[in-house]
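If you want the building blocks of each chain, they are given just below.
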Amino acid sequence: MHTLKLITRFYGKIFLANFLVSLSCVYLLGNYGDRAYEIIIVLFWYKVISIVLLFYMAVYYQKQELYYYQNLGISKLKLGITTSVFDFLFWLALILWQLLLGIPGYLFNLLLWTILLTHLYVYIKK
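Residues numbered from 1 in each chain as written. Predicted model: local features only at pLDDT ≥ 70, side-chain atom pairs only at ≥ 80, totals over all residues. Heavy atoms only, no water.

**Q** So what's going on with empty space enclosed by the protein? Residues and values would help.
**A** The tally for this structure, following the rule as stated, stands at one cavity of 30 Å³ or more. Along the walls of the largest cavity sit Y11, I14, N18, I51, F55, T83, S84 and D87, which together make up its complete lining. Within the residue set of the lining of the largest cavity, elements represented by two or more residues are α3 (40-61) and α5 (76-100). A per-element tally of the lining of the largest cavity places α5 first, with three residues. Taken together, the residues of the lining of the largest cavity break down into four nonpolar, three polar and one charged. (1 Å grid on protein atoms, 1.4 Å probe; cavity = no way out; pocket = protein on both sides within 12 Å on 5 of 7 lines; lining within 4 Å. Points joined across faces, edges and corners; volume = space filled by probe spheres on them. Helix = DSSP H or I, 4+ residues; strand = E, 2+ residues; numbered from the N terminus. Nonpolar A, V, L, I, M, F, W, Y, C, P; charged D, E, K, R; others polar.)

**Q** Requested: an account of the packing of helix α1 (residues 2-12) against helix α4 (residues 63-71), with residues and values cited.
**A** Closest axis-to-axis distance for the α1/α4 pair is 11 Å, and the angle between their directions is 165 degrees. The pairing of α1 with α4 is recorded here as roughly antiparallel in orientation. In this structure, the crossing between α1 and α4 has a hand that is left-handed. Along its contact with α1, which presents L6, R9 and F10, the element α4 presents L66, Y68 and Y69. Counted by class, the contact of α1 with α4 contains five nonpolar, no polar and one charged residues. (Axes fitted to C-alpha atoms, helices over the stretch in contact; angles between N-to-C directions. Parallel < 35°, antiparallel > 145°, perpendicular 65-115°, else oblique. Left-handed = near helix turned anticlockwise from the far one by under 90°. Contact = heavy atoms within 4.5 Å.)

Note that every value here comes from positions in space, so none of it alone points to a role or purpose.
Right, here's the structure in full:
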């Protein structure tokens, strides 16, 4: 449980960027409509590359903080794999939801603003 809390703490710092990439993919799929299957491979690679780049940037800009996680027994590899798998599964769930059911525009906007305002509130509260 302690490990999960620490990984969540690390992921919270890169969540917003990953979430915006995921929502941009869902938005593009929604705009393509019936032709959405044409761009799914491009969006897949866009997400994979963005996960790698965002994790690299998090490691690069938080070098000193990584010692904190390593002293508590969580390696960079464990942080990277856990956060990447979670983020990819979240992206996959959103993509499947969009492809199978379609996310109405008002629900998409509500989801976006809820997450953004919650993240802003948590960031300001610290």
